[in-house]
Amino acid sequence: MAAKTEEAALGYEQARDELIEVVRRLEAGGTTLEESLALWERGEELAKVCRHWLEGARARLDAALAGAEPDADGGES
């Protein structure tokens, strides 16, 4: 459960930066199979965190745009 709390506390930029590091390490090779699997799993977790933040940002943008639509054409509905 502590891992879920830690993931929830990660900001988008933190998760993205750690994900970049995980990918770099995987691409560089030189890790054991067990280390590679652990990195892959961590990468999947970080990708979910990033996706969660991006979906939230998209929802906020959609809501803001929906609220601005009546004024966009200069008239009111």
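The model shown is predicted, which means the values in this text are computed figures rather than measured ones.

S.K.: I'm lost on the overall build of the chain in this one. Help?
M.R.: If you tally the helices and strands in the chain, you get 3 helices and 0 strands. When the helices and strands of the chain are placed in sequence order, the string is α-α-α. The buried share of the chain, taken over its 77 residues, is 14%. A separation threshold of at least 6 residues defines the contact pool for the chain, and within that pool the share at least 24 residues apart is 69%. As displayed, the chain has an accessible area near 6,200 Å², and 57% of this comes from carbon and sulfur atoms.

S.K.: Sorry if this is basic, but what is going on with the confidence of the model for the chain here?
M.R.: Atom-level detail of predicted coordinates should not be read off regions where pLDDT is low. The pLDDT averaged across the chain works out to 88; a share of 79% of its residues lies at or above 70. Within the chain, the element-level pLDDT minimum falls on helix 1 (residues 2-9), averaging 62, and the maximum on helix 2 (residues 12-28), averaging 98.

S.K.: Even after reading the chapter, I still don't get the environment of R42, so can you show me in this structure?
M.R.: Residue placement: R42 occurs in helix 3 (residues 33-72). Along the chain, R42 and V22 lie 20 residues apart, while their C-alpha atoms are 7.7 Å from each other.

Basis of the calculations
Residues numbered from 1 in each chain as written. Predicted model: local features only at pLDDT ≥ 70, side-chain atom pairs only at ≥ 80, totals over all residues. Heavy atoms only, no water. Helix = DSSP H or I, 4+ residues; strand = E, 2+ residues; numbered from the N terminus. Buried < 20%, exposed > 50% of the residue type's maximum accessible area, 1.4 Å probe, protein only. Contact = heavy atoms within 4.5 Å. Areas by Shrake-Rupley, 256 points an atom, 1.4 Å probe, with all protein chains shown as cover. pLDDT = per-residue confidence, 0-100.

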